[in-house]
Amino acid sequence: MLQSVFCRLSRIPRVRRYSAAAAIPAPSTQPDIHFNKIFINNEWHDAVSKKTFPTINPTTGEIICQVAEGDKADVEKAVKAAKDAFKLGSPWRLTDASARGLLLNRLADLIERDKAYLASLETLDNGKPYHIAYAVDLDLVIKCIRYYAGWADKYHGKTIPIDGDYFCYTRHEPVGVCGQIIPWNFPLAMQSWKLGPALATGNVVVMKLAEQTPLTALYVANLIKEAGFPPGVVNIIPGYGPSAGAAIAAHMDVDKVAFTGSTEVGHLIQQAAGKSNLKKVTLELGGKSPNIILSDADVSFAVEEAHTALFFNQGQCCCAGTRTYVQEAIYDQFVEQSVERAKRRTVGDPFDAKNEQGPQVDEEQFNKILGYISTGKKEGAKLLCGGEVAADRGYFIQPTVFGDVKDEMRIAREEIFGPVMQILKFKTLEEVIERANDTKYGLAAAVFTNDINKAHYISHGLRVGTVWINCYDIFGAQAPFGGYKASGNGRELGEDGLAAYTEVKTVTTKVLQKNS
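The model shown is predicted, which means the values in this text are computed figures rather than measured ones.

Rules behind the numbers
Residues numbered from 1 in each chain as written. Predicted model: local features only at pLDDT ≥ 70, side-chain atom pairs only at ≥ 80, totals over all residues. Heavy atoms only, no water. Helix = DSSP H or I, 4+ residues; strand = E, 2+ residues; numbered from the N terminus. Rg over C-alpha atoms; globule rule 2.2 N^0.38 Å. Buried < 20%, exposed > 50% of the residue type's maximum accessible area, 1.4 Å probe, protein only. Contact = heavy atoms within 4.5 Å. Areas by Shrake-Rupley, 256 points an atom, 1.4 Å probe, with all protein chains shown as cover. Lys, Arg positive; Asp, Glu negative; His and termini not counted. Charge placed at Lys NZ, Arg CZ, Asp CG, Glu CD. Pairing = 2+ DSSP bridges. Axes fitted to C-alpha atoms, helices over the stretch in contact; angles between N-to-C directions. Phe/Tyr/Trp six-rings, centres within 6.5 Å; stacked < 30°, edge-to-face > 60°. Lys NZ or Arg CZ within 6 Å of the ring centre and 35° of its normal. Core = buried A, V, L, I, M, F, W, Y, C linked by side-chain atoms within 4.5 Å. Polar contact = N/O pair within 3.5 Å; in protein donor to acceptor, adjacent residues only side chain to side chain. Parallel < 35°, antiparallel > 145°, perpendicular 65-115°, else oblique. Nonpolar A, V, L, I, M, F, W, Y, C, P; charged D, E, K, R; others polar. Expected span 1.5 Å × (residues − 1). pLDDT = per-residue confidence, 0-100.

Things to note about the overall build of the protein chain
Working step 1: For the protein chain, the helix and strand inventory stands at 15 helices and 20 strands.
Working step 2: Computed over its C-alpha atoms, the radius of gyration of the protein chain comes to 23 Å, within 12% of the 24 Å expected for a compact globule of 516 residues.
Working step 3: On the principal axes, the C-alpha backbone points of the protein chain span a range of 75 × 55 × 45 Å.
Working step 4: Split into buried and exposed, the 516 residues of the protein chain put 59% on the buried side.
Working step 5: Sequence-distant contacts, at least 24 apart, represent 75% of the contacts inside the protein chain between residues at least 6 apart.
Working step 6: For the protein chain, the exposed area adds up to about 20,000 Å²; of that, 51% sits on carbon and sulfur atoms.
Working step 7: In the protein chain, the 57 positive side-chain charges and the 59 negative ones have mean positions that sit 3 Å from each other.

Printed below as a string of C-alpha cells:
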C-alpha cells in the first residue's frame, strides 16, 4: 500500500531502490519520545483514570514507553472541547475557508520539517523499514494534507434556478464533531487521510489512535498546535477500541465517525451509530484482494509486482494482493520465480536500509499469522518457502509462499494480514472473474496483461473499489479509495472524500421578481 512515490523512480525492483537513495537522511534509531499523553484543547492531559499502557518496539519486543490510556471519560472531555470549538461564532467557525487551507499547508510544512524524526519514530513504534516510512508514508502524508488544503475554499454550493420568484442556493456545511478511529498499519498516513478532508471542510475532530502505534500521531498533535489551529479543533486520544473507540462510536454528540480497520469492528461501529444518534459512518475495512496474472503478461515484471503487492509493509495492508490468480499456461513459471524472489527478500532490522521487511506490528499479529501458516499446511496447500519465525527476538516472520491453493481454503478466504502469499491457478477470464468475486470483500484488485481489452473487461467485472492494471498499490491523494461489500462504505481521498464531511443545506428566499 501507499507506493505512488515508486513511480518517480527507475524501473528496478522497487523496495531495493531506497538503499541507494541519497536523499534519504540517516535515521535516529533511538528517537526521543516527546509526547505520550492525551491531547485535548491544545493541551496535554493524563487519562482521567490515571491509567497507562505500554507501547512496544516490535523489533525487540521491549517497551518503548508508557502512554496515557484514554477511555470513555476522556472521550467525554474531548467531545466537549470539540463541541465548544464548533459553537456558532467560535474562532474556528469564523475562520475563512482560505485560512483553513493556510493552516493545513502550515501543518504540512511542519511535518516536512520533522520528516526524518517522524519516519524514525514510525519505524521504532510500528516496525516498518525506515526508508519506506520516510520515502513512502511521509511523502504521501505531506501530499495528502496539501491536497486538502487546496480544497478548503473550492468545495462549495451553487445557485439553483427553481421555478417561481425565488432565489435558491445550497451551502456545504461541516458535519460537526467527527470521531475518527485509525489503525496501526499506516498510523501517519491514515491520520492524514482523516484529518485532511475533515479540517478542510471546517469540522472538529476527536481521534482515537491504535494502541499498538500511538507515538507518531501524538507528535503530529503538537504540530497541529504549532501550526495555529484553535484549541478544541483537533483532540487526540490513545487508547483501546472496546473503551475509547466504542465511546466515540456510541456518543450522542459525535455527528460522524470514520473508521479504518477490521470488518468485524466495522460491524460494531455501524451498530453503535445506529443505536445512538444515527451518526454518519464511513468505513474502510478488510480485504482479500485478487491479483490476476494473464498468460500474455510479462512474467518477470508481474512476479516483482505481485511480490510487492503482497509483501509490502510486512503484508499488513488492507488491499494487499493476497489471492494471486495465475493463468495455467504460465503458472509453473510464475510460481518458480515467485519463490525465488521471496527467498531473496531481506528481513531484519528495519533501520538498516538493506532490509526490505521488518517485524510484524505486535505479538498478537505475529501469532495470528503463524496460525494461518499452520492452517494452510493442514488444509493441503503446498508450502513452497518460508513459514517459520525469522529471528530469535522480535516479531519477524519469513516471507512465505503457498502453491496449489484452493478457493475454499481458509488462507484463500480470510484476511491474514501478513507476509503469506497464496498462488491459485485459473483457465478462462470468465472463471477468474467469478472466483475473484466469490468473497465477502471488495476492496481492491489488479490485472496484469498486454491486452487492454482483456484488462478492461476484467476490471469492469470485478466488484471492488479500486482496480490497478499492470501495477499495484498506486495511490495518490487525488484518487478516491474505498470498498464494496464488507470492505466498507464511503470513500477517502480525492474530491469524493470530502462529501462525508459535509451536509448540504438548501436555502430558498422569496424575492420580488426573478429575472433570467
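Re the side chain of Asp74
Working step 1: As for its position among the elements, Asp74 is in helix H2 (residues 72–85).
Working step 2: For Asp74, the residues in contact, after removing those within four places along its chain, are Ile38, Ile40, Asp46, Ala47, Val48, Glu69 and Ile237.

Regarding helix H14 (residues 429–437)
Working step 1: For H14, the complete set of buried residues consists of Leu429, Val432, Ile433, Arg435 and Ala436.
Working step 2: Next to the buried residues of H14 lie strand S12 (290–293), strand S13 (323–327), strand S16 (420–426) and helix H15 (452–461).

Quick word on the pairing of strand S6 (residues 166–174)
Working step 1: Here strand S5 (residues 159–160) runs beside S6; their pairing, made up of two bridges, is antiparallel. Bridge assignment links Ile160 to a residue of S6, and that residue is Cys168.
Working step 2: The turn linking S5 back onto S6 is made up of five residues, and Gly164 within it adopts a positive phi angle of 95 degrees.
Working step 3: Inspection of the sheet shows S6 paired to strand S20 (residues 502–510) by nine bridges, in the antiparallel sense.

Structural notes on the sheet that holds strand S18 (residues 466–469)
Working step 1: Taken together, the seven strands give an open sheet; going across it, the order is S14-S15-S16-S13-S12-S17-S18, and neighbouring strands pair in mixed fashion. Only two strands of the sheet have a single partner each, and these edge strands are strand S14 (382–385) and S18. Between one strand axis and the next, the sheet turns by 25 degrees as a mean value, whatever way the strands run.
Working step 2: Across five bridges, S13 lies against S16 in parallel orientation. Bridged to Tyr325 within S16 is Leu424.

Details of the side chain of Thr213
Working step 1: Looking at the element boundaries, Thr213 is found in the loop between strand S8 (204–209) and helix H7 (215–227).
Working step 2: Judged by its relative accessible area of 3%, Thr213 falls in the buried class.
Working step 3: With residues near it in sequence (within four places) discarded, Thr213 still touches Asp125, Asn126, Pro183, Trp184, Pro187 and Val361.

Some thoughts on the sheet that holds S20
Working step 1: Strand order in the open sheet formed by three strands is S5-S6-S20, with antiparallel pairing between adjacent strands. Edge positions in the sheet fall to S5 and S20, since each has one partner strand and no second.

Re the packing of aromatic side chains
Working step 1: Evaluation of the coordinates by the stated rule reveals 19 aromatic pairs.
Working step 2: Taking the centre distance of 4.7 Å and the plane angle of 45 degrees together, the rings of Trp468 and Tyr472 count as tilted. Tyr472 carries the same exposure label as Trp468, and that label is buried.
Working step 3: By way of ring pairs, the aromatic residues Phe35, Phe39, Trp44, Tyr117 and Tyr219 are connected into one cluster.
Working step 4: The positively charged end of Lys115 is found above the aromatic ring belonging to Tyr134, 4.4 Å away from the centroid.

Structural notes on the nonpolar core
Within soluble globular proteins, side chains that are nonpolar tend to cluster in buried spots.
Working step 1: Counting residues in hydrophobic clusters, the biggest one holds 131 residues, and the most contacted among them are Leu107, Ile111, Leu199, Phe229 and Phe334.
Working step 2: Counting residues per element, this core draws most heavily on helix H5 (residues 130–151), at 15 residues.
Working step 3: In this structure Phe229 touches Asn42, Trp92, Leu103, Leu104, Leu107, Leu199 and Ile224, once residues within four positions along its chain are discounted.
Working step 4: Core analysis: the second largest hydrophobic core is formed by 28 residues, Phe366, Leu424, Val432 and Val464 among them.

Looking at the environment of Lys505
Working step 1: Along the chain, the position of Lys505 falls in strand S20.
Working step 2: Considered as a pair, Lys505 and Ala272 are 233 residues apart in the sequence and their alpha carbons are 26 Å apart.
Working step 3: Of note is the side chain of Lys505, whose polar atom sits 3.2 Å from the side chain of Glu173.

Some remarks on the packing of helix H4 (residues 115–126) against H7
To characterise two packed helices, one gives the angle between the axes of the helices and the distance between these axes.
Working step 1: It is the contact of H4 with H7, at a shortest axis distance of 8 Å, that shows an interaxial angle of 150 degrees. Considered as vectors, H4 and H7 are oriented roughly antiparallel to each other. On the side of H4, the interface is formed by Tyr117, Leu118, Leu121, Glu122 and Asp125, while H7 contributes Leu215, Thr216, Tyr219, Val220 and Leu223.
Working step 2: A per-class count over the contact of H4 with H7 returns seven nonpolar, one polar and two charged.

Thoughts on helix H3 (residues 97–113)
Working step 1: With 17 residues, H3 should reach 24 Å at 1.5 Å per residue; the first-to-last C-alpha distance of 25 Å fits that figure.
Working step 2: Buried within H3 are the following residues: Arg100, Gly101, Leu103, Leu104, Leu107, Ala108, Leu110 and Ile111.
Working step 3: At its buried positions, H3 is contacted by H4, H5, helix H6 (187–200) and H7.

Some points on the environment of Gly70
Working step 1: Position of Gly70 relative to the elements: it lies in the loop between strand S4 (62–68) and H2.
Working step 2: Its relative accessible area of 0% is what places Gly70 among the buried residues.
Working step 3: The spatial distance from the C-alpha of Gly70 to the C-alpha of Arg93 is 27 Å, given a sequence separation of 23 residues.

Quick look at the confidence of the model for the protein chain
Working step 1: Model confidence for the protein chain is summarised by a mean pLDDT of 95, while 96% of its residues fall at 70 or above.
Working step 2: Across residues 1–21, where pLDDT falls below 50, the model places 67 contacts with residues more than four positions away in sequence or in other chains.

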